[in-house]
Amino acid sequence: MNETHPRLSMQVLEQLPQDVLRPTYDRKQIKAGIVHLGIGAFHRAHQAVYTDEILQAGAQEWGIIGVSLRSPDTRDALAPQDGLYTITVRSAVHEQVRVIGSVVQLLVAPENPQTVMDALCEPEIKIVSLTITEKGYCYAPATGTLDETHADVVHDLQEHNHPRSALGFIVEALRRRRQAGVAPFTVLSCDNLPSNGETLKRVVTRFAALRDPELAEYIAAHVAFPSTMVDRIVPATTDADRSAIVDATGVIDAWPIMTEAFSQWVVEDHFTSGRPNWEMAGVTFVQDVSAFELMKLRLLNGSHSTIAYLGYLAGHETVSDVMAAEGFARFIREMMDEEISSTLPKLPDFDLDHYKDQLIERFRNSSLKHRTWQIAMDGSQKLPQRLLGTIRERLAEGQSIDRLSIGVAGWMRYATGWDEKGAAIDVRDPLVQEIQARIAGQKTAAELVAAYCSIEEIFPRDLAGNQVFRACVERALQSLLEIGAARSVAQFK
Ligand code: CS2
């Protein structure tokens, strides 16, 4: 990065090259109406962009206060830039840089939980949205219920005023608002969980009940938790991306975001304290999001995780490398067509084949450099909604699960922590220690599958005890151990 270039800020906005899109609204007039918990790359490429568009169209009361629940990195990068950052939309043929202005303030919860709590209690805040990843929900992925032994939950049930988790902040802020006679905010989950609003409501009300059953009843009756389907592929930013932004704009952006052209947000229209006119920016509002959500979680994310584990094991660094390797694109498309589509509820006037064609094209986008290792993270939290639910439904109908089983076995092989050349894998997962303890000393496919299936947080009991499931996954893991991922996929018939 060339330090002689100026840093992105309001001051240099005017000097940017003409083809760089930028906010033309008066940012000083923007009031915060949303607090967003978990201001990572995904939020900045997705909800913040839709919101930037409605600010651009003249709405002034929907600025975003971005909160990091753990690290100060985002604040450190964006605060010196007046909250501004660039997103670059990369397709095979085109690249468009745009400056986003919707984030008006950045907070770091561990540094100052009180400021975050105060922001959450402001009557002007009508929406609290979240992208905290699956593990941020402090729940057991297999059942979707609160993990009452989770260290953050235990902590937050004691320290009401200085919580660590999103749940702790939300519950205490709702309590304070109620006490002060301020209407509750709407809580908007934007993570890839099944029925994300309902799931969040379940864990929030359970957490509240452990504090005060009456507060839990109030939340259950008066707070809206619309479910959403969010979709945009956002690879982690690299130093090469930072340099590319200096070249394209002449300014330094400490944390630029790279993404694809595709973007989708489907939201249940249940906001008790009002909401932005996000439909102007292309958001689809519906009564019930579940069919969209299942389609996206199972087809996109289910394929993504399968590509990530098998692709990583086969030695591929990015999703597009995997898609270019022999047999993979065919395998993934067949998995969608033969084993996933039948489990999806029909959406009226929706062309599912076109959706799947688009997915394959998106995965092939070689300008994105989406690392298999990135998607492989947190597998224990992702597997249930991405692959296991689909498998369960297929089994109930007596249908085949051969390809889905290779995806699950791919995760099991990956989570052993050793790749096909005998090198260590940096497995990132909140359950990594438990996984390592369970599989220690297990060698054969049958032993490993039995050990993994004993982890109840991941595998629901009925599935873990299902003989067809066990046999299919064992066969798949056997193949991965014997001939490796590339050949297992290429030879798949
Ligand atoms: C990916 C998702 O990292 C992952 O687990 O599968 O982040 C995926 O890119 C998004 O859900 C796309 O909308």
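Parameters at a glance
Residue indices follow the written sequence of each chain, beginning from 1 at its first position. Two thresholds apply to this predicted model, a pLDDT of at least 70 for residue-level local features and 80 or more for giving and counting side-chain atom pairs, whereas whole-chain, interface and lining totals are computed over all residues. The basis for every side-chain value is the complete set of heavy atoms in the structure, and neither hydrogens nor water enter the calculation. UniProt positions are given in the numbering used here, feature names are shortened, and annotations may be inferred rather than shown by experiment. Secondary structure follows DSSP: runs of H or I at least 4 residues long count as helices, runs of E at least 2 residues long count as strands, and numbering of each begins at the N terminus. For the radius of gyration, the atoms used are the C-alpha atoms, and the globule rule reads 2.2 Å times the number of residues raised to 0.38. Classification of residues uses two cut-offs on accessible area relative to the type maximum, computed with a 1.4 Å probe and protein chains only: under 20% is buried, over 50% is exposed, and between them is partly exposed. Here, two residues are considered to be in contact whenever any of their heavy atoms come within 4.5 Å of each other. Shrake-Rupley sampling with a 1.4 Å probe provides the accessible areas, and residues are treated as covered by the protein chains on show and by no other component. A residue counts as positive if it is Lys or Arg and as negative if it is Asp or Glu; His and the chain ends are not included. A charged residue contributes its charge at one atom only: NZ of Lys, CZ of Arg, CG of Asp or CD of Glu. We define a nonpolar core as any set of buried Ala, Val, Leu, Ile, Met, Phe, Trp, Tyr and Cys residues linked to one another through side-chain atoms lying within 4.5 Å. All domain edges in this entry derive from an automatic or database-based domain assignment. Note that the arc is computed from the directions linking the helix axis to the C-beta atoms. Here a pair means two rings of Phe, Tyr or Trp (six-membered ring of Trp) with centres within 6.5 Å. Their orientation is stacked below 30 degrees between planes, edge-to-face above 60, and tilted elsewhere. Salt bridges, as used here, are contacts in which a Lys or Arg side-chain nitrogen is within 4 Å of a carboxyl oxygen on Asp or Glu. To be near a molecule or strand, a residue needs just one of its heavy atoms within 4 Å of it. Under the rule applied, a polar contact is a pair of N or O atoms within 3.5 Å (in protein, one hydrogen donor and one hydrogen acceptor; residues adjacent in sequence only if both atoms are side-chain atoms). Multiplying one less than the number of residues by 1.5 Å gives the expected span of a helix. In this analysis, strands are considered paired if DSSP registers two or more bridges between them. Think of each axis as a best-fit line through the C-alpha atoms, taken over the contacting stretch in the case of a helix, with angles from 0 to 180 degrees between the N-to-C directions.

- As recorded in an unreviewed UniProt entry, the protein chain goes by Fructuronate reductase and comes from Paenochrobactrum gallinarii.
- If you open the UniProt record of the protein chain and go to Sequence similarities (unreviewed entry), you find "Belongs to the mannitol dehydrogenase family. UxuB subfamily."

Regarding the overall build of the protein chain
Thinking step 1. Across its full length, the protein chain carries 20 helices and 13 strands.
Thinking step 2. Taken over the C-alpha trace, the protein chain has a radius of gyration of 23 Å; the compact-globule value for 493 residues is 23 Å, and the two agree within 12%.
Thinking step 3. Along the three orthogonal principal directions, the C-alpha set of the protein chain runs to about 60 × 55 × 45 Å.
Thinking step 4. Here the protein chain, with 493 residues, has 57% of them falling under the buried criterion.
Thinking step 5. Considering only contacts within the protein chain whose residues lie at least 6 apart along the sequence, 77% involve residues at least 24 apart.
Thinking step 6. When the accessible area of the protein chain is evaluated, it comes to approximately 19800 Å², of which 49% is carbon and sulfur surface.
Thinking step 7. Distance from the positive charge centre (49 side chains) to the negative charge centre (65 side chains) of the protein chain: 2 Å.

Quick notes on the nonpolar core
Thinking step 1. Core analysis: the biggest nonpolar cluster contains 75 residues, and Val408, Trp411, Tyr452, Phe459 and Phe469 have the highest contact counts within it.
Thinking step 2. It is helix H10 (residues 290-313) that contributes the most residues to this core, 10 residues altogether.
Thinking step 3. Taken domain by domain, this core gets at least three of its residues from each of domain 1 (10-286) and domain 2 (290-490).
Thinking step 4. Excluding its chain neighbours within four sequence positions, the residues that come into contact with Val408 are Leu383, Leu387, Leu388, Ile391, Phe459, Phe469 and Val473.
Thinking step 5. Counting residues in each nonpolar core, the second largest holds 43 residues, with Val67, Ala119, Phe185 and Phe207 among its members.

Some points on helix H9 (residues 239-249)
Thinking step 1. Buried residues of H9: Asp241, Arg242, Ile245, Val246 and Thr249, and no others. Down the axis of H9, the smallest arc covering the buried residues is 145 degrees, so these residues share one side. When the buried face of H9 is taken as reference, the exposed residues oriented beyond 90 degrees from it are Asp239, Ala240 and Asp247.
Thinking step 2. Looking one or two residues past H9, Gly250 carries a phi angle of roughly 80 degrees, positive in sign.

Considerations on the packing of aromatic side chains
Thinking step 1. All chains considered together, the criterion is met by 12 aromatic pairs.
Thinking step 2. Ring plane angle 85 degrees and centroid distance 5.4 Å describe the contact between Phe331 and Phe492, whose orientation is recorded as edge-to-face. On the criterion of sequence distance, the pair formed by Phe331 in helix H12 (residues 328-340) and Phe492 in the segment after helix H20 (467-490) is long-range, its members being 161 residues apart.
Thinking step 3. Arranged with centres 6.3 Å apart and planes meeting at 50 degrees, the rings of Trp411 and Phe459 form a pair that is tilted.

Observations regarding the pattern of salt bridges
Thinking step 1. If you walk through the whole model with that rule in mind, you get 36 salt bridges.
Thinking step 2. Salt-bridge contacts for Arg98 lead to Glu53; the nearest nitrogen and oxygen are separated by 3.2 Å. Residue Arg98 is located in strand S4 (residues 95-100), and its partner Glu53 is located in helix H2 (residues 47-56); the two are separated by 45 residues in the primary sequence.
Thinking step 3. Its relative accessible area of 32% is what places Glu53 among the partly exposed residues.
Thinking step 4. Linking Arg392 and Asp462 is a salt bridge whose minimum nitrogen-to-oxygen distance equals 3.0 Å. One end of the pair, Arg392, is in helix H15 (residues 379-396); the other, Asp462, is in helix H19 (residues 461-464), with 70 residues separating them in the sequence.

Considering the site of the ligand
Thinking step 1. For the ligand, the set of nearby residues contains 13 residues, the closest of which are Asp231, Lys296, His304, Lys382 and Arg386.
Thinking step 2. Within the side chain of Asn192, a nitrogen or oxygen atom sits 2.9 Å from an oxygen atom of the ligand.
Thinking step 3. In the complex, the protein chains occlude 89% of the 350 Å² of accessible area that the ligand would expose alone.
Thinking step 4. Put simply, the parts of the chain that give the shell around the ligand at least two residues each are strand S10 (228-231), H10 and H15.
Thinking step 5. Among the elements that take part in the shell around the ligand, H10 stands out by supplying 4 residues, more than any other.

Details of helix H6 (residues 166-180)
Thinking step 1. With 15 residues, H6 should reach 21 Å at 1.5 Å per residue; the first-to-last C-alpha distance of 21 Å fits that figure.
Thinking step 2. Most of H6 is tucked away, with 11 of its 15 residues classed as buried.
Thinking step 3. By the burial criterion, the buried members of H6 are Ala166, Leu167, Gly168, Phe169, Ile170, Val171, Glu172, Ala173, Leu174, Arg176 and Arg177.

Here's the deal with the sheet that holds strand S5 (residues 103-108)
Thinking step 1. Read from one edge to the other, the open sheet built from 5 strands follows the order S5-S2-S1-S6-S9, with strand pairing classed as parallel. Edge strands, defined here as strands with exactly one partner in the open sheet, are S5 and strand S9 (186-189). Between one strand axis and the next, the sheet turns by 20 degrees as a mean value, whatever way the strands run.
Thinking step 2. Sheet strands touched by helix H4 (residues 113-121): strand S1 (32-37), strand S2 (63-68), S5 and strand S6 (127-130). Its angle to S5, the strand with the most contacts, is close to 140 degrees.

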